[in-house]
Amino acid sequence: PDLKSADDLAYLVGTGYGRNKVPSADENISEISCHAMGVHVADPNVKAIIDIGGQDAKAIRLNDKGRVDNFVMNEKCAAGTGRFFEVMARVLNCSLDELATLAAKAQNTVPISSVCTVFAESEVISQLAGGAKPEDVAKGAHQSVAKRVTGLCSRLGMVPQVVMTGGVALNASMVQAMAEEIKLDILVPENPQVMGAIGAADYAREKYLSNILKLDKTK
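What this report covers is the structure whose coordinates are included nearby.

Reading the values: rules and limits
- All residue numbers refer to positions counted from 1 along the written sequence of the respective chain.
- It should be noted that, the model being predicted, local features are given only for residues of pLDDT at least 70 and side-chain atom pairs only at 80 or more, the latter also being counted only at that level, while totals for whole chains, interfaces and linings use all residues.
- For side-chain calculations, the full set of non-hydrogen atoms in the structure is used, while hydrogens and water are omitted.
- Every angle, taken between N-to-C directions, lies between 0 and 180 degrees, and every axis is a line fitted to C-alpha atoms, over only the stretch in contact when it is a helix.
- The secondary structure listing takes helices from DSSP runs of H or I that are at least 4 residues long and strands from runs of E that are at least 2 residues long, numbered from the N terminus.
- Roughly parallel means an angle under 35 degrees; roughly antiparallel means over 145; roughly perpendicular covers 65 to 115; every other angle is labelled oblique.
- Here a crossing is taken to be left-handed if its near helix is turned anticlockwise relative to the far helix by less than a right angle, and right-handed if that turn runs clockwise.
- Residue contacts are counted whenever heavy atoms from the two residues lie within 4.5 Å of one another.
- Note that Gly is not counted as nonpolar here; it falls among the polar residues with everything else outside the nonpolar set of Ala, Val, Leu, Ile, Met, Phe, Trp, Tyr, Cys and Pro and the charged set of Asp, Glu, Lys and Arg.
- In this scheme, a residue with accessible area under 20% of its type's maximum is buried, one over 50% is exposed, and one in between is partly exposed, where area comes from a 1.4 Å probe on protein chains only.

What follows deals with the packing of helix H2 (residues 82-91) against helix H5 (residues 134-156). Direction vectors running N to C along H2 and H5 enclose 165 degrees, while the axes themselves pass 11 Å from each other. For the element pair H2 / H5, the angle class is roughly antiparallel. Two packed elements cross with a definite hand, and for H2 against H5 that hand is right-handed. Residues Phe84, Phe85 and Met88 of H2 pack against Ala141, His142, Ser144 and Val145 of H5. Here the residues of the contact of H2 with H5 sort into five nonpolar, two polar and no charged.

The subject of this paragraph is the environment of proline 134. With respect to the helices, strands and loops of the structure, proline 134 is situated in helix H5. Judged by relative accessible area, which is 36%, proline 134 ranks as partly exposed. For proline 134 and alanine 103, which are 31 residues apart along the polypeptide, the C-alpha to C-alpha distance reads 8.3 Å. Excluding residues within four positions of it along the chain, proline 134 makes contact with Leu92, Leu102 and Leu128.

Running from N to C, helix H3 (residues 96-104) and H5 cross one another at 105 degrees; their axes reach a closest spacing of 7 Å. Between H3 and H5, the crossing angle belongs to the class labelled roughly perpendicular. Of the residues in H5, those in contact with Leu99, Ala100, Leu102 and Ala103 of H3 are Pro134, Glu135, Ala138, Lys139 and His142. Here the residues of the contact of H3 with H5 are counted per class, giving six nonpolar, one polar and two charged.

Put into structure tokens, the structure is as follows:
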């Protein structure tokens, strides 16, 4: 249908950090639940999700109906998030896409010991000044994030099949680093950055159909 405004929608679900700023939403549902449902809609066999966004990272375990069974998240520090990669790309004078390509060219890994993004930035600047190759530093940055997120996964207990969502899932070097750390294969949806929106849409569909059923029963 040709949707011109929110009034044309039968039911609207808001999600993500800005979900409370959608005045026309009929309901707000957390991005954790929506990512779980979105992934379940795409592949009902998925049991666990690694979601690395711009500001936080999450490990989510699903039940057979696509609902959240349990989750753990890191939202207190930019380390282990997309923001960390933005900082690393700036220091290495490349784009985010180029950062992944750069890491793939590495022959060695320059470890990044700092768990704080601010200190990690200073550490990388010192490594480069000391002669470290940018590609080896880039690989170290990916490994650093992978190890941090693996800590979340260990607390949760990951089981196959694992899917990675969020914009960082578009980074092939990061997906590979995560798979190596958790020692499990990781699938990436065709559009990992919109899985939450897909889940929100499915919740809206369910709610709309439920309301229709209730109306039918009252007639």
